[in-house]
Structure formats: C-alpha cells, structure tokens
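Analysis of the macromolecular model
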Amino acid sequence: MDDRRQPPWQGGARERCGAGSFLLNYSANCLTGSEGRVFVHCLVYRFFEVEMRLVMSQQSVGKMQTKGKRPKVSIGLPAYKGQFFREALQCWVDQTFSDFEVLVYDDASPDDLKSIFDEVCGADPRFRYVRNKENSSPRFVRNWNKTLAAARGEYFVLGSDDDVYDKTFLEKMVAAADQNPGVDLFYCRYARFSDDIKKKQFFSSCAPRVESQTEYVYALLCENRLTIAPNYFMRRGAAAAMGGFIDLPAAWASDWLSWARLALHGVVFVPEVLLYWRANGRNISTKVGGFWDRQKCAAGVEAEPLWMQLIASLTPRTEAEAWQKAQLLAWMKTGYFMRQIWPYALLLPWRCFIHVLLQEKRAGRLSRMMIIKRILLRIYLGMRRFFA
C-alpha cells in the first residue's frame, strides 16, 4: 500500500491529521473488510481519548482551584514554649468554624514542637508548620510578621502557644466582622488564669459595642483598659497595608500601638468571653528581670514618638472626642510613657540611663533638681546590688 492509500492512523499521518481531516481521509479511501473494522476501532478509540483528556483536564482545574482557595481566616501562631502547646493547637482543631488555616512558626524552640504538631494536627491540611533557623528574641514581633506575611485569609488572628480559645471564637468573630464591613479591628472579652483553666483569676471588663479611634485610644491609655494581643481579630489586608505589627523590643506594647493604628475606621467589641489567657510568668507580658526590664525600657523610649504621632493624627468627630484628644496630648507631653518606664530605667546600665535622662531633659519634663535626685537614686540602687 503506497503512502496515498495508507490509513491515516498509521505512521506519521495521525499527527498530521486533525479530527476533521481524519474523516475526510476516510471518505476519500474506500475501506473494506478488516481494514474497515480497524478504522472503526480507531475511531472509537479516538473519541474516548478526546473525552478522557477533557475529563482529566477538568479534574486538574478543579484540584488547582481547590488548592488555591483562600481560607476565610488565617491564624498566625508564633510558637516557642512546648509546655502548653498541645492545648493551644487543640483549641483550633475543635473550632465550630472550619474555613481557616493555622500557620505555626516555631521560633527555634529547644522543645520538640514538631512532634506535638504532628500528633495533634499533622494530618490536617489546614495546619502548616515552619521552623525558624534562629530565635527572634528580643524582637519577637518579627516572628509575628512572618505569620502575617504568609497568611492568605480575609481575616487574621495573632494566636499564641499557650492560650486557649473557646470553640466558638472564630464563628462569633467572623459573624461580627461580616456585619461590620467598614471596620478593620474587632476584639472580645477574655479571662485570665495561671495553669488551671478552671481557676479564673479575673475577667476583662466590658466596653462599648462600637468605638471610634479617638474613643478607643483614650480608653486604652487614660482609662487603663487592659488588653492583650490574642483576643483581637482583624482584616488581614488592613494589617498588611500598615506594614504589619509595630516592632518594639520584647514586643512590649507592640500590640497596643498596632491596635491603635488599625482602629482608624473604628473598633467593634464582642461582649463574650472567647479567650482564656494564661499568665504564669513564662509569657512575654509577665517576664521580669534585668534583661527584660531593659528591653521594656527601650520599647518605651521607641514607642513614645510613635504614640505622639498617632495621637496628633486623630480626627475627633464630636466635642467629647476633641476633649479626649486634648487630654491624650497633655498626658503625652507630661511624659506618660516615661513614667511607665522609669522603674525599669533605674536598673539600666549607666549609658542607657543617661540617654533616657537626656531625652527627658530635652523634652522639658525634668528640672535640674529632678535629674540630680534620679542620679542619686540610681547610685543608691547600684550600691545595694553591689553589696548584696
């Protein structure tokens, strides 16, 4: 059989012919007998091959869409302590709201966090584990921002490695956020405990259901509203747009300053206890000692101009808010943050102590006599430690 009479499915003709030319070639060639049966078999094969490719392509696209689907909520979980890590993971597994991802960033912990992770949620694709090469201390906020940068959800929660959330936390916070599309920041009540979650030490106070940025900042600084990081819920895009969380030494007041910035469009409060905060001397907020005192002092020095800038940018809507802004500015000018950190400053090395003194002197908040008194007090404390 010459090339003109060769069936189109043989040799290179199949690659040269599309489906249309395939049938034209068949019409041009009078196939009979076994040749015709072979052709029919090839035609059936050709039909099913095209159908299978179409089905496989659709399945592949479906898998890609499923894989690329963004979760509703991303939970950033900077981790270091292994003692209560299992409880911290389990409370996310037990959530009644399921459309979320948990991003665990192990901050080079000496504990075997990976084994705990694998045991509790290693088989759950919503959970991801990453281990840092180096520990971020004392700039813990850098690890917070890593979790934020990796997040894909519409909303974001900054979790922790030892706190416990109520199983309805996500469900209720998502509902509040969806009902207030113009607000970026939300928070709930929390209960404080030490090691036994059944023994609550106190519950955080209630707040107005909705507050403006000015009202919120005034309550935070002037009314001593106690707030922490893990009970907040925010729009991820808004947090990313402001550059992430404010990086201060030992993360001291980093959360407060970050929340104050995110409150630009107001704050919504959920009046239910949905978080159980563990305060036992092993977390950042309750750490004490020479090193941590110095870090907190340095954080106060760095935070003061940032707070001044933020308070100056507040836009009051009412006369009451204008009064609140004036009070905030007055507090800051009289050294609100310096008063907070002076107990730590007295324990600083001399070079750092003099730096704080000069900063206060330039701001006009210390008289010559006050400077002399603080230097004498610093000498007295130094001698006590020397002879102890």
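One structure accompanies this document, and this report is about it. This one's a predicted model, so the numbers in the text were calculated from it and none came from an experiment.

**Details of the pairing of strand 2 (residues 100–106)**
The buried fraction of strand 2 amounts to seven of the seven residues, a majority that puts the element mostly inside the structure. The two faces of strand 2 match: Phe 100, Val 102, Val 104 and Asp 106 on one face and Glu 101, Leu 103 and Tyr 105 on the other face are all buried. Examined bridge by bridge, strand 1 (residues 73–79) and strand 2 share seven bridges and lie parallel to one another. From the neighbouring strand, Ser 74 faces strand 2, where its bridge partner is Glu 101. Taken together, strand 1, helix 4 (residues 85–93) and strand 2 form a β-α-β motif whose crossover is right-handed. Of the pairings in the sheet, the one linking strand 2 to strand 3 (residues 127–131) comprises five bridges and is parallel in character.

**Regarding helix 12 (residues 319–333)**
Under the 1.5 Å per step criterion, the end-to-end length of helix 12 is 21 Å for 15 residues, consistent within 8% with the ideal 21 Å. Residues of helix 12 that are buried include every one of Glu 321, Gln 324, Lys 325, Leu 328 and Met 332, and no others. On an axial view of helix 12, the arc spanned by its buried residues comes to 100 degrees, and they lie on one face. Turned more than 90 degrees away from the buried face of helix 12, the exposed residues are Glu 319 and Lys 333.

**Quick look at the environment of Asp 166**
Note that Asp 166 resides in the loop between strand 5 (164–165) and helix 7 (169–179). For Asp 166, the residues in contact, after removing those within four places along its chain, are Gln 95, Val 273, Leu 274 and Tyr 276.

**Details of the environment of Gln 327**
Note that Gln 327 resides in helix 12. Taking C-alpha positions, Gln 327 is 8.3 Å from Tyr 218, a pair spaced 109 residues apart along the chain.

**Thoughts on the pattern of salt bridges**
In the structure shown here, the tally under the stated rule is 19 salt bridges. The partner of Lys 81 in a salt bridge is Asp 162, and the shortest N-O contact between them spans 3.7 Å. Residue Lys 81 is located in the loop between strand 1 and helix 4, and its partner Asp 162 is located in the loop between strand 4 (155–158) and strand 5; the two are separated by 81 residues in the primary sequence. With a closest N to O distance of 3.4 Å, Glu 101 and Arg 152 form a salt bridge.

Reading the values: rules and limits
Residues numbered from 1 in each chain as written. Predicted model: local features only at pLDDT ≥ 70, side-chain atom pairs only at ≥ 80, totals over all residues. Heavy atoms only, no water. Buried < 20%, exposed > 50% of the residue type's maximum accessible area, 1.4 Å probe, protein only. Helix = DSSP H or I, 4+ residues; strand = E, 2+ residues; numbered from the N terminus. Pairing = 2+ DSSP bridges. Right-handed = clockwise from strand over helix to strand, strands pointing away. Expected span 1.5 Å × (residues − 1). Arc of directions from axis to C-beta. Contact = heavy atoms within 4.5 Å. Salt bridge = Lys/Arg side-chain N within 4 Å of Asp/Glu carboxyl O.

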